[in-house]
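# Observations on chain architecture
So the chains spell out like this:
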Amino acid sequence: MSQLLEVNNLRVQFRVKSSMASWLQKSESPFIDAVRDVSFKIKEGETFTLVGESGSGKSTLANAVVGLLPTASGSINFMGDDVTQMPDKQLMAYRKQISMMWQNPTGSLSPRMQVGDAITEPYKIHNLSDRDKQQEAKRLLNLVGLSARFQDRYPHQLSGGQARRVGVARALALNPKLIVADEPTAGLDVSVQGEILNLLNRLQDDLGVSLFVITHNLNIVRHISDRTAIMYLGRFVEEGPTDDIFVNPHHPYTLALLSANPEVTNVGALERIALKGEVPSLMHRPSGCEFHTRCPFAQELCATVAPVGIDFGFEYSATCHYPR
Amino acid sequence: MSKATDNVLSIRNLSIDYATQEGSLKALRNVDLDIPKGQIVGVVGESGCGKSTLISSIIQLMANNAKTTSGTVFFEGEDLLTMSPTKLKSLRGQRMSIVFQDPMSTLNPVLTIGKQMVDIQYRDKRSKSQKRQRSADMLAQVGIPDPASRLNQYPHEFSGGMQQRISIAMALQAQPALLIADEPTTALDATLEVQIIDMLKELQSSIGCSILFISHHLGVIAELCNQVVVMYAGEIVEQGPVSRVFKSPKHPYTQKLLECDPASIAKKTRNLPTIEGEIPNLSDLPAGCIFTSRCHKKTAQCEELKPKRHAVTQGATEKHFVTCHLESL
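Residues numbered from 1 in each chain as written. Chains lettered and ligands numbered in written order. Predicted model: local features only at pLDDT ≥ 70, side-chain atom pairs only at ≥ 80, totals over all residues. Heavy atoms only, no water.

## Concerning unusual backbone geometry
All names here are of chain A. Filter applied, for reference: A run of H or I in DSSP counts as a helix once it spans at least four residues, and a run of E counts as a strand once it spans at least two, with each numbered from the N terminus. Relative accessibility under 20% of the residue-type maximum defines a buried residue, over 50% an exposed one, and the middle range a partly exposed one, all with a 1.4 Å probe and only protein chains included.
Of note in this structure, Asn-9 is not a glycine but carries a positive phi near 45°. Turning to its location among the elements, Asn-9 is positioned in strand β1 (residues 3-15). Of note, Glu-183 is a non-glycine position whose phi angle comes to about 45°, a positive value. As for its position among the elements, Glu-183 is in the loop between β7 (178-182) and α7 (190-207). The class of Glu-183 is buried, set by a relative accessible area of 8%.

In structure tokens:
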């Protein structure tokens, strides 16, 4: 499998204060780092999942990868070209190969647009006027398992699961190489959730598209993804093959996440690790290892020295002084 | 009536219709539900199964096109359906309170937490400083550090988990008899979810209230609740003690639902189980069992005859009920 996307030391900043205010308050930076020094790779036909709590920077990272947010430093290489340096015209071509499934399925569809128009809108945006829209709409709806009747429906006439399917159809319109799915199953019932995930898996097998999935539902990660990264305060704390992470997590935060997962049966459940305290604010990042304020295994060193990534081989790494 | 004293809430034969352009939509049908004192009762079911309608009828804040066609809702021995609006108003927020899914839209963004927590004690005759003290104590109980000074902060200055804990503190401030929690952990990640569950358990035992907990996360229900109610398309299909229902589910829908939970599938699979078919149209109900069209165990009589509620365990103290023909055999 060849490399599709390679992100190196990516940093995304947001301004939270005016320059004047920060100058008056001395030394305080007017920016916060929503994503800090993140590096990862996605291969062709692979599913990469990103797990982390709300506010950890998952969606920001996704938006930066798609080219919707400016980056402060670092590079995003897509099939050899750096997206961060692209002129607008080239960026437009890049966006044809990468598409997005938004978090809120009904909210991301225009309430005044019929489904058929919504899913063929990408052709209009990219000036592909030679396509037969009727025909394409039918083909796309068929791909996601909806009948052609849905062409004339409006978003409010769709159920949550159907709206998701329409979102998938729209994402597939331009035959992208990579689909970025932000919480593709949030708010869905277990049965419908299964349907959507099966659909994504099937499309990947048939079309060879790569998936970048953001979620905080650990139960589904195990079944859909090849590689997983755990994000905390805008950094990756652990990244590796999904199977290995679930069997033998190295970072205490990953361990806590996995052990905290409430399950119906207690078979195979880990001994629960309770995290103390609150998620620190991005404006005042803790010193040393940023997780030490909540880490049950933290020692003196953790409070002062920032750990570097430890490579366990097999493209598996964790950022911790005392990995489990 | 001894029944009313054991149960904080006792719903009998409750049916609610919505008037729509396509005719009347039967959102709830013949619902029987008891919430015993000091117990946590969980409700599971897909979206559109009537969970929200059930809540709105308990707090008696129903949509304009909703009509209660039959039944009673006894709360602390009195029927809410025939109660005067003034009396109802005095119950809401005082004897029963509610925590919603999204804490960000529950809290007013332009008022400080302290102002909001004091405001909702408007019925109390105490002085403002006493009310403030009470709010600070409540915040301390839900684990907010340095509560007295944090009362001066605005909602956006708290993290998502803290905001949800603040809404819980506000709901429990008046020491209600019943707390309704409508998917309070859906917006939170796994570690915070566990924090909230543990906290709810603790508060429940210290205050002694009952909790009606709505969720579609089966694991959370299993961990938190004593009793579970499984709803499908406006009907209760199975109810009983959590350990019993989740261990040996009797209704085909409950069985399927548990199978579909990705957490229960130990082996990695790219083809997750689903429940075939769609929820039936509630304005045009099938003659027989409501689950027939999607049931993998259906027989001829399921299509024609409505199943009755049966007790699975005869004579046991904790009743396990199921509404299915297969169990009547």
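Here the narrative resumes, following the displayed structure.
## A short note on the layout of surface pockets
Test applied: As defined here, a cavity is a set of points on a 1 Å grid over the protein atoms alone where a 1.4 Å probe fits but cannot get out. A pocket is an open set with protein on both sides within 12 Å along at least five of seven lines, and residues line them when an atom is within 4 Å of a point. Grid points are joined across faces, edges and corners, and a volume is the space filled by probe spheres set on the points.
In this structure, the second largest pocket occupies an estimated 1200 Å³ of space. Looking at the second largest pocket, it is lined by 31 residues, and the ones nearest its centre are Leu-158, Ser-159 and Gln-162 of chain A together with Glu-278 and Ile-279 of chain B. The set of elements that each furnish at least two residues to the lining of the second largest pocket consists of α6 (160-172) and α7 of chain A.

## Considerations on the interface of chain A and chain B
Just so we agree on the cut-off: By definition, residues are in contact when any of their heavy atoms lie within 4.5 Å. For any pair of parts, buried area is found by adding up, for both, the accessible area (1.4 Å probe) each one loses once the two are put together. Throughout this description, the term salt bridge denotes a Lys or Arg side-chain nitrogen within 4 Å of a carboxyl oxygen of Asp or Glu. Within 3.5 Å is the distance limit for a polar contact, defined as a pair of N or O atoms, with the added protein rule that one can donate a hydrogen and the other accept it, and that residues adjacent in sequence qualify only through two side-chain atoms.
Counting residues at the interface gives 37 residues for chain A and 44 residues for chain B. A buried area of about 3300 Å², summed over both sides, lies between chain A and chain B, and 50% of it is on carbon and sulfur atoms. Inspection of the chain A/chain B interface yields 2 salt bridges. The closest approach of N and O atoms between Asp-243 of chain A and Lys-268 of chain B, which form a salt bridge, is 3.3 Å. Here chain A is connected to chain B by 12 residue pairs in polar contact (both at pLDDT 80 or more).

## A few points about the packing of α6 of chain A against α7 of chain A
All names here are of chain A. Quick note on the threshold: Inter-axis angles, ranging from 0 to 180 degrees, are taken between N-to-C directions of lines fitted to C-alpha atoms, where helices are fitted over the stretch in contact. Any angle that is under 35 degrees is reported as roughly parallel, and any over 145 degrees as roughly antiparallel; angles of 65 to 115 degrees are reported as roughly perpendicular and all others as oblique. Crossing handedness is defined as follows: a turn of the near helix away from the far one that is anticlockwise and smaller than a right angle gives a left-handed crossing, while the clockwise case is right-handed. Each residue gets one of three labels, nonpolar for Ala, Val, Leu, Ile, Met, Phe, Trp, Tyr, Cys and Pro, charged for Asp, Glu, Lys and Arg, and polar for the others, Gly among them.
One can describe the packing of α6 onto α7 by two numbers: an axis separation of 10 Å at closest approach and a directional angle of 20°. When the axes of α6 and α7 are compared, the pair comes out roughly parallel. Considering the relative orientation of α6 and α7, their crossing is right-handed. Of the residues in α7, those touching α6 at Gly-161, Arg-164, Arg-165, Val-168 and Leu-172 are Val-192, Glu-195, Ile-196, Leu-199, Leu-200, Leu-203 and Leu-207. Taken together, the residues of the contact of α6 with α7 break down into 8 nonpolar, 1 polar and 3 charged.

## Concerning the domain arrangement of chain B
All names here are of chain B. The line we're drawing: Marked domain ranges trace back to an automatic or database domain assignment.
Structurally, chain B comprises domain 1 (2-95 + 174-328) and domain 2 (106-173). Between the C-alpha centres of domain 1 and domain 2 there is a distance of 30 Å. In terms of surface lost to domain 2, no three residues of domain 1 exceed Ala-174, Met-199 and Leu-203, which account for 31% of the buried area on that side. Taken together, the links from domain 1 to domain 2 amount to 0 salt bridges. On inspection of domain 1 and its partner domain 2, the count reaches 7 residue pairs in polar contact (both at pLDDT 80 or more). Put simply, the parts of the chain that give the side of domain 1 that touches domain 2 at least two residues each are α3 (85-91) and α9 (190-207).

## Considering empty space enclosed by the protein
Empty pockets left among the atoms are what a rolling probe the size of a water molecule brings to light. All names here are of chain A. Tallying each qualifying case throughout the model produces 5 cavities of 30 Å³ or more. Empty space within the largest cavity amounts to approximately 80 Å³. Every residue along the wall of the largest cavity is listed here: His-251, Pro-252, Cys-289, Phe-291, Cys-295, Phe-297, Cys-302, Pro-307, Cys-320, His-321, Tyr-322 and Arg-324. The residue makeup of the lining of the largest cavity, split by class, is 9 nonpolar, 2 polar and 1 charged.

## Re the pairing of strand β4 (residues 73-78) of chain A
Consecutive side chains of a regular strand alternate in pointing toward one face of the sheet and then the other. Residue and element names in this part refer to chain A. The test is simple: For two strands to be treated as a pair, DSSP must find at least two bridges joining them.
Across 5 bridges, the pairing between β1 and β4 is antiparallel. The partner of Glu-6 across the bridge, within β4, is Asn-77. In the sheet, β4 pairs with strand β5 (residues 81-82) via 2 bridges, with the strands oriented antiparallel. Along β5, the bridge assignment pairs Asn-77 with Asp-82. Hairpin connection between β4 and β5: a loop of 2 residues separates the two successive antiparallel strands, and Met-79 in this loop has a positive phi of roughly 45°.

## Some words on the sheet that holds strand β1 (residues 7-20) of chain B
All names here are of chain B. Spatially, β2-β1-β4-β5 is the arrangement adopted by the 4 strands of the open sheet, whose pairing is antiparallel. With one partner strand each, in any of the chains shown, β2 (23-36) and β5 (78-79) form the two edges of the open sheet. Inspection of the sheet shows strand β4 (residues 66-75) paired to β5 by 2 bridges, in the antiparallel sense. Directly across from Phe-75, in β5, lies its bridge partner Glu-78. Set on the sheet, helix α2 (residues 51-58) makes contact with β1, β2 and β4; between it and β1 the angle comes to about 115°.

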